[in-house]
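The residues making up each chain are set out below.
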Protein chains: 2
Amino acid sequence: MRIGILADRAGTTVPTIRYYEQIGLLRPAIRQSGGQRIYDNEDVRRLRFVRACRAFGFPIDEVRALLSLTDDRSASCTEARDLAERRLVAVRRKLAELKALETSIAALVSTCNSTCAGGVATDCSIFEDLERREAPNRSLV
Amino acid sequence: MRIGILADRAGTTVPTIRYYEQIGLLRPAIRQSGGQRIYDNEDVRRLRFVRACRAFGFPIDEVRALLSLTDDRSASCTEARDLAERRLVAVRRKLAELKALETSIAALVSTCNSTCAGGVATDCSIFEDLERREAPNRSLV
DNA sequence: ATACCCCCTCAAGCCACTTGAGGTTCAAGC
DNA sequence: GCTTGAACCTCAAGTGGCTTGAGGGGGTAT
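The structure contained in this document is the topic of the report that follows. Just so it is clear, the model here is predicted, and its values are computed rather than measured.

Cut-off values and rules
Residues numbered from 1 in each chain as written. Chains lettered and ligands numbered in written order. Predicted model: local features only at pLDDT ≥ 70, side-chain atom pairs only at ≥ 80, totals over all residues. Heavy atoms only, no water. Helix = DSSP H or I, 4+ residues; strand = E, 2+ residues; numbered from the N terminus. Rg over C-alpha atoms; globule rule 2.2 N^0.38 Å. Contact = heavy atoms within 4.5 Å. Buried area = accessible area lost by both parts, 1.4 Å probe. Salt bridge = Lys/Arg side-chain N within 4 Å of Asp/Glu carboxyl O. Polar contact = N/O pair within 3.5 Å; in protein donor to acceptor, adjacent residues only side chain to side chain. Axes fitted to C-alpha atoms, helices over the stretch in contact; angles between N-to-C directions. Parallel < 35°, antiparallel > 145°, perpendicular 65-115°, else oblique. Left-handed = near helix turned anticlockwise from the far one by under 90°. Nonpolar A, V, L, I, M, F, W, Y, C, P; charged D, E, K, R; others polar. Phe/Tyr/Trp six-rings, centres within 6.5 Å; stacked < 30°, edge-to-face > 60°. Buried < 20%, exposed > 50% of the residue type's maximum accessible area, 1.4 Å probe, protein only. Least-squares fit on C-alpha atoms with pLDDT ≥ 70 in both.

1. Here's the deal with the overall build of chain A
Alright, step 1. Within chain A one finds six helices and two strands.
Alright, step 2. For chain A, the sequential pattern of α-helices and β-strands runs α-α-β-β-α-α-α-α.
Alright, step 3. Computed over C-alpha atoms, the radius of gyration of chain A comes to 23 Å, more than 25% over the 14 Å expected from 2.2 N^0.38 for 141 residues, which places it beyond the range of a compact globule.
Alright, step 4. Its C-alpha atoms give chain A principal-axis dimensions of about 70 × 40 × 20 Å.

2. Comments concerning the interface of chain A and chain B
Alright, step 1. Residue-level contacts link 59 residues of chain A with 59 residues of chain B.
Alright, step 2. A buried area of about 5500 Å², summed over both sides, lies between chain A and chain B, and 74% of it is on carbon and sulfur atoms.
Alright, step 3. The largest per-residue losses of area from chain A upon contact with chain B belong to Phe56(A), Cys77(A) and Leu130(A), which jointly make up 13% of the total buried on that side.
Alright, step 4. Counting across the interface, chain A meets chain B through six salt bridges.
Alright, step 5. Between Arg73(A) and Asp123(B) there is a salt bridge, and its shortest N-O distance comes to 3.7 Å.
Alright, step 6. Inspection of the chain A/chain B interface yields 10 residue pairs in polar contact (both at pLDDT 80 or more).
Alright, step 7. Mapped by element, the contributors of at least two residues to the side of chain A that touches chain B are α3 (41-55), α4 (60-71), α5 (77-115) and α6 (125-132) of chain A.
Alright, step 8. For the side of chain A that touches chain B, the element with the highest residue contribution is α5(A), accounting for 23 residues.

3. A few points about the side chain of Arg46(A)
Alright, step 1. As for its placement among the helices and strands, Arg46(A) is situated in helix α3.
Alright, step 2. The contacts of Arg46(A), once residues within four sequence positions are left out, are Arg27(A), Leu67(A) and Asp71(A).

4. Here we look at the packing of helix α4 (residues 60-71) of chain B against helix α5 (residues 77-115) of chain B
All names here are of chain B.
Alright, step 1. Contact geometry for α4 and α5: axes closest at 10 Å, N-to-C directions at 155°. When the axis of α4 is compared with that of α5, the two are roughly antiparallel. When the axes of α4 and α5 are compared, the crossing they make is left-handed. Residue-level inspection shows Glu62, Ala65, Leu66 and Leu69 of α4 in contact with α5, the latter providing Glu79, Ala80 and Leu83.
Alright, step 2. Along the lines of polarity and charge, the residues of the contact of α4 with α5 split into five nonpolar, no polar and two charged.

5. Some thoughts on the packing of aromatic side chains
All names here are of chain A.
Alright, step 1. Summed over the entire model, instances satisfying the criterion amount to four aromatic pairs over all chains.
Alright, step 2. Relative to Tyr20, the ring of Tyr19 has its centre 5.9 Å away and its plane inclined at 45°; by these criteria the two rings are tilted.
Alright, step 3. The class for Tyr19 is partly exposed, based on a relative accessible area of 41%.

6. Focus: the relation of the copies chain A and chain B
Alright, step 1. Its rotation angle being 180°, the transformation that places chain A on chain B also includes 0.0 Å of axial translation and leaves an RMSD of 0.0 Å. These values place the two chain copies in the arrangement generated by a two-fold rotation axis. Residue Leu95(A) of chain A places its C-alpha closer to the rotation axis than any other residue of that unit, at 3.4 Å.

7. Some remarks on the pattern of salt bridges
Alright, step 1. For the coordinates displayed, the defined rule picks out 18 salt bridges over all chains.
Alright, step 2. A salt bridge links Glu131(B) to Arg45(A), with the nearest nitrogen and oxygen atoms 2.6 Å apart. In this pair, Glu131(B) sits in helix α6 (residues 125-132) while Arg45(A) sits in helix α3, so the two residues belong to two different chains.
Alright, step 3. The residue Glu102(A) makes a salt bridge to Arg92(B) at a minimum N-O spacing of 3.0 Å.

These figures capture arrangement, not role.
What follows is the structure, given as structure tokens:
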């Protein structure tokens, strides 16, 4: 199959596939006489796996590690589990940050609504709140 | 005061301040004879405001908008509130994504622990789960 | 032969900084 | 007055994970 079909089947885009090939995450595709890349069902499976890992938030380097684990009969399952566990910890940390952030922004909005809605912007409570900096420290998005 | 002091007082770094100046988020600093940037307390206030906005997750362009609102006597407070509300919606969306993600990854880990811990990596339940792609669609981090 | 879509490569752009190289300024101590 | 060393300067490139754009070739249906 050609690259556009692979992209559809794996739920991603053509440039992304070429990008993955370029950084060595997917092995170089076989080419037709005209230079066009040709893929098979195994490529669909691998690309889906990569996209699933990415959707789970694994960075590319960890996807690389996971990919190689899927082929390594000498590796232990605990390596995969440990990667997943570390991901889980990271996700939970981010979740806590984001919850605190949600609380803070909601407070920003509701204070403005109850004390100054419709007034002159320069006097808005949001600016006072932002200058007092009650925002949680967080890894900037 | 010099740039290093400003960085400390605003809880950020020297290169970040220069970067903000470069992109026009902070106005160009006055220079000493030797070329070194000099700041005053108003600069501390503005930089703190910028960092607070960033900590709240506002992208640079929105920080720019918020900064100009702080000075614009003809603007309405609702403009600031609307920006904050849109931010709140975005944060809540991300929060929902992250919660779903947490559930999925936790399932990944616990299935592995109960069915295959210590086995050969190639047979790990994590890979089966990832290939079945139960990950939520999400804006990739 | 023509139209048209899909494909190709290479390069640059995005966001918000961070890092590095290589050089200058300034305050303190001798 | 001289040396040291921290703090400063500029300019360029790197980070992650793609996306976008320019400019051209391949494949197939009419």
